[in-house]
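In case you want the letters, here they are:
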Amino acid sequence: MLQELLEGAGRSIVFGGIGIGLMALGFVLIDMLTPGKLRHLIWTERNPNASMLLAANQLGIALIVFTSIWTTYDSFGQGVASTALFGVLGIAIMGLAFLVLDWMTPGKLGEVICTPDYHGGALVSAASHFGAALIVCACIA
């Protein structure tokens, strides 16, 4: 029983590390897609648009990681590989969704995200990121 408990704790540490790493990668993606420094926009300027987009991105990545762990293979190694693969794939698809939405809408979406006042385009972009994550989750299950 103690061995199972320790094994579960070890798996939690590994999957937690992968999840945090993927969420950090998602942060970098949003930072690259928007002008300026994301840290400054959110924590100094308290920009609601950038905050909403990053929150949707982080929740989407966490959902992908959750789904991958929940449906993991019997093999721990396959589960780790699946989580990492689907996480990176999800981040790439979210980035593509941002670029497609940017192409379909007037102006530059990154600039809309950086405006200091709430902009509905940020909500649409956030929904696009979260929707992309849900698509990846459906492919995992």
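The structure displayed is predicted, hence computed values, not measured ones.

At Arg46, a position not held by glycine, the phi torsion is positive, near 55°. The topology assignment puts Arg46 in the loop between helix H2 (38–44) and helix H3 (48–70).

This part covers the pattern of salt bridges. Enumeration over the complete set of coordinates arrives at 2 salt bridges. Put simply, Arg11 and Glu7 hold a salt bridge, and the shortest N to O gap is 3.4 Å. Of the two residues, Arg11 and Glu7 both sit in helix H1 (residues 2–33), 4 residues apart, roughly one turn of that helix. With a relative accessible area of 42%, Glu7 lands in the partly exposed category. Two residues, Asp102 and Lys108, come together in a salt bridge whose shortest N-O distance is 3.1 Å.

Attention now goes to a nonpolar patch on the surface. Residues Leu25, Val28, Met32 and Val88 make up a contiguous nonpolar surface patch of roughly 380 Å² in combined accessible area. Examining the composition of the nonpolar patch, we find that 3 residues originate from one element, H1, more than from any other. Examined against the element boundaries, Met32 turns out to sit in helix H1. Under the relative-accessibility criterion, Met32 is labelled exposed at 66%.

Residue placement: Asn57 occurs in helix H3. In this structure, the C-alpha to C-alpha distance between Asn57 and Gly26, residues 31 residues apart in sequence, is 6.6 Å.

All right, on to the environment of Phe15 then. Counting through the fold element by element, Phe15 comes out in helix H1. Here Phe15 is in contact with Ile69, Thr72, Phe76, Gly79, Val80 and Thr83, once residues within four sequence places are set aside.

Counted by the stated rule, this structure contains 0 disulfides. Between Cys137, a free cysteine, and Cys139, which holds the nearest cysteine sulfur, the sulfur-to-sulfur gap is 9.2 Å. Of the residues examined, Cys137 reaches a relative accessible area of 8% and is grouped as buried.

Our next topic: the side chain of Asn47. Relative to the elements of secondary structure, Asn47 occurs in the loop between H2 and H3. Only 3.1 Å separates the side chain of Asn47 from the backbone oxygen of Cys114, close enough to count as a polar contact. Reaching out from Asn47, the side chain makes a polar contact with the backbone oxygen of Thr115 at a distance of 2.8 Å. Excluding residues within four positions of it along the chain, Asn47 makes contact with Leu41, Ile42, Ile113, Cys114, Thr115 and Pro116.

Analysis parameters
- Residues numbered from 1 in each chain as written.
- Predicted model: local features only at pLDDT ≥ 70, side-chain atom pairs only at ≥ 80, totals over all residues.
- Heavy atoms only, no water.
- Helix = DSSP H or I, 4+ residues; strand = E, 2+ residues; numbered from the N terminus.
- Salt bridge = Lys/Arg side-chain N within 4 Å of Asp/Glu carboxyl O.
- Buried < 20%, exposed > 50% of the residue type's maximum accessible area, 1.4 Å probe, protein only.
- Patch = residues over 30% accessible without salt bridge, like charges linked within 9 Å, V, L, I, M, F, W, Y side chains within 5 Å.
- Areas by Shrake-Rupley, 256 points an atom, 1.4 Å probe, with all protein chains shown as cover.
- Contact = heavy atoms within 4.5 Å.
- Disulfide = S-S within 2.5 Å.
- Polar contact = N/O pair within 3.5 Å; in protein donor to acceptor, adjacent residues only side chain to side chain.

None of the figures reported here should be taken as evidence of function without further support.
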